[in-house]
Protein chains: 2
Amino acid sequence: MTYRALDENTILDYVRGSDRLREHFSDLSALECEEVGDGNLNLVFIIRNRNDSSESLVVKQALPYLRVAGDSWPLTRERMRFEAQALMLYNELTPGLAPQVYLYDDEMSLVAMEHLSQHEVMRKPLVARKRFPRFADQISTFLANVLFKTSDLYLSGVDKKALQATYINPHLCKIQEDFVFTNPYMESPENNWNPEIDPEVQAVRSNTALKLAIAELKEKYMTQGQALIHSDLHTGSIMVNAEDTRVIDPEFSFFGPMGYDVGALLSNLVLNFGSHYAHTPDAAEREAYQSYLIDLMRDIWQQFEAKFERLWVENNCGEQVPNAYWRYPGGEEAFAAYRKRYLRQLLQDTAGLGACESLRRMMGIVSVWDISSIQDLKQRAVAERFVIRVSSRWIMERASFSSIEDMLAILREEATAVSA
Amino acid sequence: MTYRALDENTILDYVRGSDRLREHFSDLSALECEEVGDGNLNLVFIIRNRNDSSESLVVKQALPYLRVAGDSWPLTRERMRFEAQALMLYNELTPGLAPQVYLYDDEMSLVAMEHLSQHEVMRKPLVARKRFPRFADQISTFLANVLFKTSDLYLSGVDKKALQATYINPHLCKIQEDFVFTNPYMESPENNWNPEIDPEVQAVRSNTALKLAIAELKEKYMTQGQALIHSDLHTGSIMVNAEDTRVIDPEFSFFGPMGYDVGALLSNLVLNFGSHYAHTPDAAEREAYQSYLIDLMRDIWQQFEAKFERLWVENNCGEQVPNAYWRYPGGEEAFAAYRKRYLRQLLQDTAGLGACESLRRMMGIVSVWDISSIQDLKQRAVAERFVIRVSSRWIMERASFSSIEDMLAILREEATAVSA
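Trainee: So what about the overall build of chain A? Which residues, and what values?
Mentor: Looking only at helices and strands, chain A has 15 helices and 12 strands in total. The globule rule puts the C-alpha radius of gyration for 420 residues at 22 Å, and the 22 Å found for chain A is close to it. With the principal axes as the frame, chain A shows a C-alpha extent of 65 × 60 × 40 Å. Out of the 420 residues belonging to chain A, those deemed buried represent 61%. When contacts within chain A are restricted to residue pairs at least 6 apart in sequence, long-range pairs at least 24 apart make up 72% of them. Per element, the accessible surface of chain A, about 15500 Å² overall, is 49% carbon and sulfur. Separation between the mean location of the 44 positive side-chain charges and that of the 60 negative ones in chain A comes to 3 Å.

So this is what it looks like as structure tokens:
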């Protein structure tokens, strides 16, 4: 079928005409549809049986252009292929932590998937101080499995490169290269920041040491094909409820540095932490939740690190360093030292790459809802200055980090400075 | 045409039947052929006009298997594509430093190219203490142009990734991954070493600090897609004469760390340096040539570094860090600092990655002729111990290197230790 953008009517015909979609419904005449996309990039349809709400699915279709701020520029529809194949791979590597994919239609740039009607996107409930007791366990399982099992630690060199070849994603990479690692830190017309923090923004843009570090982190992002990364794993790309976690929207996927995914997640928790200076005026309430966020970050990293290392010890079948390389007196300790060194480097990458994601949100093209929803600009500036300080320090001091506590200590020091 | 291996008769019909090949000859009835390949991997035919020796060309055809030590294993013929497209790209990026390509036939896994009848492979003349006055200038031009112009410093992100996608070369990468970075440093049946240096070889294989460093360098080789590297740039892949330098045999090409190419070249000069302990018994003669080799290494690096940096300053048009990023008071100095840092890292990669190439030649599947041609095993051991010491120190001490002099100082110290 030649590509055409669907609408609320044609989508129903599409579903009825597909063997693999209509089997999800007991009554095809009772289908109804709601378009819930933001209309900028993708169409998102929820298809339901109006007589049985348990029967539903989601269809996501790529538009061939991107609409932002009145402008429209062409964008390759191929991104839906990256999304579909990544979701399918997630379900294979770590079942149950991404929506099920029912159908991928390459010509139509369309993916049909499980409707997560009982989940909510994580960003807003974090602003509402909700807690998710199973989240650290589940997201660390997701990260450890996907990152480890797509790396040279687990795959043969030939298999890894074959998989990597199916994730050459230059156009979406460029969005992150520009808007995470470059433009926010220089003059660029799309940049947008709170006038209250103009001095801090200008200071970042002329801070040579910081800019050199960001340029090095950008090089890592652009050249280090370490594992399949989601590459946009902020709290808006995660759906949660009390029992369950699902990762969505992996259209930016490519083979990049592992630390970018772990880092984007942690730094979005830093953004949320900062936002409570405005969202949660009651100091005791705020500190309790911020303290929960610190525990959450620690849990995520520590569980991730432990699971990643356990996977490695139990499945050291990749090209990177075969078991036979460590087969000599002292070799077992050497392998343990290698894992420790690898994970320490990953922690430092997590800090540096993740902090670029939070720093750019303060002065680039897009903020995050946690912060942008703060109406009072002076209050908002308190949160933003905090994020700028923590992010800058994570970037500049990362080479000294050997434990997640080093990252959290900076968070606490800067929190103390805000309260003082 | 369906693939079939050519022979000395069928190759002549092939040449006569090709519009683009027969134009190189004034008399098609006077063609003669010589097969000069080693028969392990590729067929190499020289086609000449027997009445006019100025008319000649070379045809190289990939065999679908690799014959080593009596065994035969299937090997993808696709490697000839990497060779052909790399040679063509070299001629585009830095004209005159690789053989001209006349024809590439994908179906036949065959490339026809300029016959370099006035050049010799560099390895043997270096053993004969020949000097090549234009070599440092020419090879540094080659390295600077190819590495810079295929990197994110010069190309847009989209163009670089599109180019990178045409050099996904898993099977030949695996040969280097195994035989440069892994098997030589562990028990592996194909390893081969001089029994005289068995204690040194066993010491390397149980040296945890060294093996951790090699594992990290292997990870860099496997994951860092920095630029199009030749990936087998030893002195057997370079043809020279007094005026001219040509790089050949880029079938291992892929997007890897730049330092591997610069390093393979320098470390093969270290191998040659060591070999003169046996090949050149006269101390004055030996020291004079070793001193020439040190000057050559210095020249290669310094000219490479200067040309690379000049290209960068004059053509900073890539994705990596746009000029606008450095447009602020102090930005010019910041850009200079970034270049310095980048080139320092490249020097350290050169030392570490290159030293893996020389170290493995002492204890892996293949030696180099410089060393293997030393008949007396005790004499050979002198050269080998020297190479092991220099290589190990380049690997272990590389993080402290800020100038080529740091690498050469180690060479001189170890040379002094041999003479003492």
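Trainee: Summarise the packing of aromatic side chains; cite the residues concerned and give the values.
Mentor: All names here are of chain A. With the rule as written, the count across this model stands at 46 aromatic pairs over all chains. Both rings, one in phenylalanine 181 and one in tyrosine 221, keep their centres 4.9 Å apart while their planes meet at 35 degrees; by these two values the pair is tilted. Remark: tyrosine 221 occurs in helix H9 (residues 208–223) and phenylalanine 181 occurs in the loop between helix H7 (170–179) and helix H8 (198–205); sequence separation between them is 40 residues. For the residue pair phenylalanine 181 and tyrosine 221, the accessibility class agrees, reading buried in each case. Above the face of the phenylalanine 335 ring, arginine 339 is positioned so that its terminal group lies 4.5 Å from the ring centre.

Trainee: Run through the pattern of salt bridges, naming residues and quoting values.
Mentor: Under the defined criterion, the tally for this structure stands at 66 salt bridges over all chains. The partner of Glu177(A) in a salt bridge is Lys161(B), and the shortest N-O contact between them spans 2.7 Å. Highlighted residues: Glu177(A) in helix H7 and Lys161(B) in helix H6 (residues 157–165), drawn from two different chains. With respect to class, Glu177(A) is no different from Lys161(B); both count as buried. The residue Lys378(B) makes a salt bridge to Glu196(B) at a minimum N-O spacing of 3.2 Å. Here Lys378(B) is found in helix H14 (residues 377–397), whereas its partner Glu196(B) is found in the loop between helix H7 (170–181) and helix H8 (198–205), with 182 residues between them in sequence. Taking relative accessible area as the criterion, Glu196(B) reaches 30% and is therefore assigned partly exposed.

Trainee: Residues and numbers for the relation of the copies chain A and chain B, please.
Mentor: When chain A is fitted to chain B, the residual RMSD is 0.0 Å, and the transformation amounts to a turn of 180 degrees plus an axial shift of 0.0 Å. Read as a symmetry element, the transformation amounts to a two-fold axis. Taking the C-alpha atom as reference, chain A places Gln224(A) closest to the rotation axis, 2.3 Å from it. Interface residue correspondence from chain A to chain B reaches 100%, placing this contact among same-surface, isologous pairings.

Trainee: Describe in detail helix H9 (residues 208–223) of chain B, supporting the description with residues and values.
Mentor: Residue and element names in this part refer to chain B. Helix length check: H9, at 16 residues, gives a terminal C-alpha distance of 22 Å against a target of 22 Å (1.5 Å per residue), a fit within 8%. With 13 of its 16 residues buried, H9 lies for the most part within the structure. Taking the backbone nitrogen of alanine 209 as reference, a side-chain oxygen 3.3 Å away marks asparagine 207 as the first, capping residue of H9.

Trainee: Tell me about the sheet that holds strand E7 (residues 110–114) of chain B, and please be specific about residues and values.
Mentor: Residues and elements named next belong to chain B. Read from one edge of the open sheet, 5 strands run E1-E2-E3-E7-E6, paired in antiparallel fashion. Every other strand in the sheet has two partners, leaving strand E1 (31–35) and strand E6 (101–105) as the edge strands with one partner each. Each adjacent strand pair in this sheet contributes to an overall mean axis angle of 20 degrees, direction not counted. Sheet topology places strand E2 (residues 42–49) next to strand E3 (residues 52–62); 8 bridges connect them, and they run antiparallel. Bridge pairing in E3 places valine 44 opposite lysine 60. Contacting E2, E3, E6 and E7, helix H3 (residues 79–93) runs over the sheet at an angle of about 150 degrees to E6.

Trainee: Break down the interface of chain A and chain B for me, with residues and values.
Mentor: Contact with chain A, which involves 46 residues of that partner, is made by 46 residues of chain B. The junction of chain A with chain B conceals about 4200 Å² of combined surface from both sides, 61% of it contributed by carbon and sulfur atoms. Together, Lys161(A), Leu212(A) and Tyr325(A) form the three largest contributors to the area buried by chain A at its contact with chain B, with a combined 17%. Where chain A touches chain B, the interface holds 6 salt bridges. Between Lys174(A) and Glu319(B) there is a salt bridge, with its nearest N and O atoms 2.8 Å apart.

Trainee: Describe in detail the environment of Gln290(B), supporting the description with residues and values.
Mentor: Residue and element names in this part refer to chain B. Among the structural elements, glutamine 290 can be located in helix H11 (residues 283–314). With relative accessibility at 5%, the residue glutamine 290 sits in the buried group. Spatially, the C-alpha atoms of glutamine 290 and phenylalanine 273 are 5.7 Å apart, while their sequence positions differ by 17 residues. For glutamine 290, the residues in contact, after removing those within four places along its chain, are Phe273, His276 and Tyr277.

Trainee: Got a sec to walk through the domain arrangement of chain A? Specific residues and values, please.
Mentor: All names here are of chain A. On domain assignment, one finds that chain A holds domain 1 (10–114) and domain 2 (120–419). A separation of 28 Å is found between the C-alpha centroids of domain 1 and domain 2. Counting from both sides, the interface comprises 22 residues of domain 1 and, opposite them, 26 residues of domain 2. The partner of arginine 79 in a salt bridge is glutamate 251, with the nearest N and O atoms 3.8 Å apart. Put simply, domain 1 and domain 2 have 10 residue pairs in polar contact (both at pLDDT 80 or more) between them. For the side of domain 1 that touches domain 2, the leading source of residues is helix H3 (residues 79–93), giving 10 residues. Residues that form the side of domain 1 that touches domain 2 fall into these classes: 11 nonpolar, 6 polar and 5 charged.

Trainee: An account of the sheet that holds strand E3 (residues 52–62) of chain A is needed here, citing residue identities and associated values.
Mentor: Across a sheet, strands are paired by hydrogen bonds formed along the backbone, either parallel or antiparallel in direction. Residue and element names in this part refer to chain A. Spatially, E1-E2-E3-E7-E6 is the arrangement adopted by the 5 strands of the open sheet, whose pairing is antiparallel. The sheet is open, and its two borders are formed by strand E1 (31–35) and strand E6 (101–105), each paired with just one other strand. Neighbour-to-neighbour, the strand axes of this sheet turn through a mean angle of 20 degrees, independent of strand direction.

Trainee: Give me H6(B): which residues, what numbers.
Mentor: Each full turn of the α-helix corresponds to 3.6 residues, which orients residues three or four apart in the same direction. Every buried residue belonging to H6(B) is among Gly157(B), Lys160(B), Lys161(B) and Gln164(B), and all of these are buried. Here the buried residues of H6(B) occupy an arc of 95 degrees about the axis, which is enough to place them on one side. Buried residues belonging to H6(B) abut H7 and H9 of chain A together with strand E12 (254–256) of chain B.

Trainee: Describe the confidence of the model for chain A, and please don't skip the residues or the numbers.
Mentor: Here chain A averages 96 in pLDDT, while 97% of its residues score no lower than 70. As scored by the predictor, the complex reaches a pTM of 0.96 and an ipTM of 0.95.

Trainee: Which residues make up the packing of H9(A) against helix H14 (residues 377–397) of chain A, and what values go with them?
Mentor: All names here are of chain A. Running from N to C, H9 and H14 point in directions that differ by 70 degrees, and their axes come no closer than 10 Å. What the angle tells us is that H9 and H14 run roughly perpendicular. Crossing geometry of H9 relative to H14 is assigned as left-handed. Facing H9, whose interface residues are Ala209, Leu210, Ala213, Ile214 and Leu217, H14 presents Ser392, Ile395 and Met396. Looking at the contact of H9 with H14 residue by residue, the class counts come to 7 nonpolar, 1 polar and no charged.

Trainee: Describe the side chain of Asp152(A), and please don't skip the residues or the numbers.
Mentor: Its location among the elements puts Asp152(A) in the loop between helix H5 (135–149) and helix H6 (157–165). A relative accessible area of 3% places Asp152(A) in the buried class. Excluding anything up to four places from it in sequence, Asp152(A) contacts Gly157(A), Lys160(A), Gln226(A), Gly318(A), Glu319(A), Gln320(A), Met222(B) and Thr223(B).

Trainee: Break down the environment of Leu153(A) for me, with residues and values.
Mentor: Residues and elements named next belong to chain A. Within the secondary structure layout, leucine 153 lies in the loop between H5 and H6. On the basis of relative accessible area, leucine 153 is assigned to the buried category, the value being 1%. Taking the C-alpha atoms as reference, leucine 153 lies 10 Å from arginine 339; in sequence the two are 186 residues apart. Among residues more than four places away in sequence, those in contact with leucine 153 are Phe148, Phe308, Trp312, Asn315, Asn316, Cys317, Gly318, Gln320 and Tyr342.

What counts, and at which threshold
Residues numbered from 1 in each chain as written. Chains lettered and ligands numbered in written order. Predicted model: local features only at pLDDT ≥ 70, side-chain atom pairs only at ≥ 80, totals over all residues. Heavy atoms only, no water. Helix = DSSP H or I, 4+ residues; strand = E, 2+ residues; numbered from the N terminus. Rg over C-alpha atoms; globule rule 2.2 N^0.38 Å. Buried < 20%, exposed > 50% of the residue type's maximum accessible area, 1.4 Å probe, protein only. Contact = heavy atoms within 4.5 Å. Areas by Shrake-Rupley, 256 points an atom, 1.4 Å probe, with all protein chains shown as cover. Lys, Arg positive; Asp, Glu negative; His and termini not counted. Charge placed at Lys NZ, Arg CZ, Asp CG, Glu CD. Phe/Tyr/Trp six-rings, centres within 6.5 Å; stacked < 30°, edge-to-face > 60°. Lys NZ or Arg CZ within 6 Å of the ring centre and 35° of its normal. Salt bridge = Lys/Arg side-chain N within 4 Å of Asp/Glu carboxyl O. Least-squares fit on C-alpha atoms with pLDDT ≥ 70 in both. Expected span 1.5 Å × (residues − 1). Polar contact = N/O pair within 3.5 Å; in protein donor to acceptor, adjacent residues only side chain to side chain. Pairing = 2+ DSSP bridges. Axes fitted to C-alpha atoms, helices over the stretch in contact; angles between N-to-C directions. Buried area = accessible area lost by both parts, 1.4 Å probe. Domains from an automatic or database assignment. Nonpolar A, V, L, I, M, F, W, Y, C, P; charged D, E, K, R; others polar. Arc of directions from axis to C-beta. pLDDT = per-residue confidence, 0-100. Parallel < 35°, antiparallel > 145°, perpendicular 65-115°, else oblique. Left-handed = near helix turned anticlockwise from the far one by under 90°.

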